[in-house]
Amino acid sequence: MIKIENVSKNYGSFDVLKDCSTTVNKGEVVVVCGPSGSGKSTLIKCVNGLEPFQSGQIIVNGTSVGDPKTNLSKLRSHVGMVFQHFELFPHMSITENLAIAQIKVLKRSKDEAMDKGLKLLDRVGLKAHAHKFPGQLSGGQQQRVAIARALAMDPICMLFDEPTSALDPEMINEVLDVMTELAQEGMTMMCVTHEMGFAKRVAHRVIFMDHGRIVEDDSKDAFFANPRSERAQQFLAKILQH
Amino acid sequence: MYEFDWSSIPGSLPFLWDGMKISLEITLTAVIFGIVWGTLLAMMRLSSVKPLSLFAAGYVNFFRAVPLVMVLLWFFLIVPKFIEQLFNLPPGTDLRLTSAMIGFALFESAYYSEIIRAGIQSVPKGQMAACYALGMTYGQAMRLVVLPQAFRNMVPLLLTQAIILFQDTSLVYVSALADFFGAAYKVGDRDGRLVELLLFAGLVYFVICFAASTLVKRLQKKYHPA
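Everything numeric in this text was worked out from a predicted model, so none of it was measured.

What counts and how
Residues numbered from 1 in each chain as written. Chains lettered and ligands numbered in written order. Predicted model: local features only at pLDDT ≥ 70, side-chain atom pairs only at ≥ 80, totals over all residues. Heavy atoms only, no water. Helix = DSSP H or I, 4+ residues; strand = E, 2+ residues; numbered from the N terminus. Rg over C-alpha atoms; globule rule 2.2 N^0.38 Å. Buried < 20%, exposed > 50% of the residue type's maximum accessible area, 1.4 Å probe, protein only. Areas by Shrake-Rupley, 256 points an atom, 1.4 Å probe, with all protein chains shown as cover. Lys, Arg positive; Asp, Glu negative; His and termini not counted. Charge placed at Lys NZ, Arg CZ, Asp CG, Glu CD. Contact = heavy atoms within 4.5 Å. Buried area = accessible area lost by both parts, 1.4 Å probe. Salt bridge = Lys/Arg side-chain N within 4 Å of Asp/Glu carboxyl O. Polar contact = N/O pair within 3.5 Å; in protein donor to acceptor, adjacent residues only side chain to side chain. Nonpolar A, V, L, I, M, F, W, Y, C, P; charged D, E, K, R; others polar. Pairing = 2+ DSSP bridges. Axes fitted to C-alpha atoms, helices over the stretch in contact; angles between N-to-C directions. Left-handed = near helix turned anticlockwise from the far one by under 90°.

Novice: An account of the overall build of chain A is requested, with residue identities and associated values reported.
Specialist: Within chain A, the regular secondary structure consists of nine helices and ten strands. The globule rule puts the C-alpha radius of gyration for 242 residues at 18 Å, and the 18 Å found for chain A is close to it. Put simply, chain A has 242 residues, and 57% of those count as buried. Just so you have it, chain A exposes about 10,500 Å², and 47% of that area is on carbon and sulfur atoms. One finds the centroid of the 28 positive side-chain charges in chain A at a distance of 4 Å from the centroid of its 28 negative side-chain charges.

Shown next as structure tokens:
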């Protein structure tokens, strides 16, 4: 589904990504973790072309992301993405947030888009808030709306960029629950997160990054039981203490 | 001791009102054109296409670095000739109002574009990323998401600029165009009551602008309670 081959990216002389390669198969849940500044967010943003990269290639569902001939808008319209800061549109109601891209990008009718939006809102447990504005919802609720907004586009895979790191602790679980449910339904997911509990529960594979490189790329069990690199061992020791 | 004589004002009110209509016409045209062209300039300036951003930067810096009176004079001298040729009008057609409108519109666009640029930049970058991630094009993202938020943040500044613009329309006196200020001056000159008429005109400008800026402040409090 997602194939990342020898991708490198730099800002001037600073290398953000160095020769990264990995694959995410259909139905697979891959968690990307690593210390901050390791390039994990940049990597996931390269997958739908939000960040350009200088060399290597990324193939999503048979389409090359870096190819100038690729219609990026079309590709992105079926790759869902959820951001750290939700990025709901504050001047639109929740229903409008869910419907706008369906109408403008997928050319669905207004009724169809509203219907679909409400169904997904119900699914993330927020049907009662349909008429509200994003500013009236808690962070956790906003993030669930953001997930519903991405799902409304019928994505072939979902990218999560630290979906819980801007949330108060008591709201993290409501978001992780939605994500877990998605994973169990067989959604292909690539997920940058520090939530190791989530990784242990639902991930098939874990990628560990450090200084722009993919240091480990292993099955979940192998990663947690026996991380090969020293850097990953240190990281896990620190993050699993609390 | 100077003796005030206000008697020439009541009779000339219709003439003064005609002048006010011209002032308002120029203001309105320049505000509308300024916001539309200013938005395009702001988008060009923020664009990654070098020639576009260079053009917009040049335009804005140029108009912000020359005095408005001078720009108006240029336009009074150049635009009529140009329009006469373009539309094949007989020479000497009165195009002062048109020239004033074009001059103000082009000049004010430079100021509006800076306000709008700041407004666009006040919208978090993530909003654009979210639009792209949903498959929107740059145009859709700007039109549906970024600009509506930018304009909501900018309303007080845009209105304040419109008030300044309204005051500045009095500068059309350089072309002897009878806007409100010009009309007052003409009446005062005719009746030998320049002091009274200019005081009266000043009072009218003050009342209108003060009332308008009080309104803007209220709007600001309503939408951005500190």
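Novice: I'd like a rundown of the interface of chain A and chain B, residues and numbers included.
Specialist: Opposite the 21 residues of chain A that make contact, chain B presents 17 residues. Carbon and sulfur atoms make up 66% of the surface buried where chain A meets chain B, a total of about 1,600 Å² over both sides. When residues of chain A are sorted by the area they lose upon contact with chain B, A:Glu87, A:Phe89 and A:His91 head the list and together hold 32% of the total. Across the chain A-chain B interface, the total number found is zero salt bridges. At the boundary of chain A with chain B, the tally comes to four residue pairs in polar contact (both at pLDDT 80 or more). Only α2 (72-77), β6 (79-82) and α3 (94-104) of chain A provide two or more residues apiece to the side of chain A that touches chain B. Looking at the side of chain A that touches chain B residue by residue, the class counts come to twelve nonpolar, four polar and five charged.

Novice: So what about the sheet that holds strand β8 (residues 189-192) of chain A? Which residues, and what values?
Specialist: Residues and elements named next belong to chain A. Across the sheet, six strands lie side by side as β6-β7-β8-β3-β9-β10; this open sheet has mixed pairing. The sheet terminates laterally at β6 and β10 (213-219), the two strands that pair on one side only. Strand-to-strand twist in this sheet, taken as the mean axis angle between neighbours without regard to direction, amounts to 15 degrees. The pairing of strand β3 (residues 29-33) with strand β9 (residues 205-210) spans four bridges and is classified as parallel. Bridge pairing in β9 links valine 30 to arginine 205. Against the sheet, helix α5 (residues 139-151) makes contact with β6 and β7 (157-161), and its axis sits at roughly 170 degrees relative to β6, the strand it touches most. Packed onto the sheet, helix α9 (residues 230-240) meets β3, β9 and β10 and runs at close to 105 degrees relative to β9.

Novice: An account of the packing of helix α1 (residues 8-46) of chain B against helix α6 (residues 138-168) of chain B is requested, with residue identities and associated values reported.
Specialist: Residues and elements named next belong to chain B. The contact between α1 and α6 brings their axes to 10 Å, and the two run at 145 degrees. Where α1 crosses over α6, the handedness of that crossing is right-handed. Contact residues: α1 offers Met20, Ser23, Leu24, Thr27, Ala30, Val31, Ile35, Thr39 and Met43, while α6 offers Tyr138, Met142, Leu147, Phe151, Leu158, Ala162, Leu165 and Phe166. Here the residues of the contact of α1 with α6 sort into 14 nonpolar, three polar and no charged.

Novice: An account of the side chain of A:Thr95 is needed here, citing residue identities and associated values.
Specialist: Residue position: A:Thr95 is located in helix α3. On the accessibility criterion, A:Thr95 (16% relative accessible area) is buried.

Novice: Tell me about the sheet that holds strand β2 (residues 14-24) of chain A, and name the residues and values.
Specialist: Residue and element names in this part refer to chain A. With respect to topology, four strands assemble into an open sheet ordered β2-β1-β4-β5, the strand pairing being antiparallel. The sheet is open, and its two edges are formed by β2 and β5 (63-64), each paired on a single side. Alignment of strand β4 (residues 55-60) against β5, held across two bridges, turns out to be antiparallel. Its bridge partner being in β5, valine 60 is matched across the sheet by threonine 63.

Novice: How would you sum up the pattern of salt bridges? Please name residues and give values.
Specialist: The full count for this structure, using the stated rule, is 18 salt bridges over all chains. The partner of A:Asp161 in a salt bridge is A:Lys45, and the shortest N-O contact between them spans 3.7 Å. Of this pair, A:Asp161 sits in strand β7 while A:Lys45 sits in helix α1 (residues 40-47), and the two are 116 residues apart along the sequence. Overall, A:Asp161 belongs to the buried group, its relative accessible area being 5%. Between B:Asp94 and B:Arg96 there is a salt bridge, with the nearest N and O atoms lying 3.1 Å from each other. Judged by relative accessible area, which is 29%, B:Arg96 ranks as partly exposed.

Novice: I'd like to hear about unusual backbone geometry, residue by residue, with values.
Specialist: In the Ramachandran plot, A:His211 falls in the positive-phi region, its phi being about 50 degrees despite a non-glycine side chain. Even without being glycine, B:Ala176 reaches a positive phi, approximately 60 degrees. Residue position: B:Ala176 is located in the loop between α6 and α7 (180-191).

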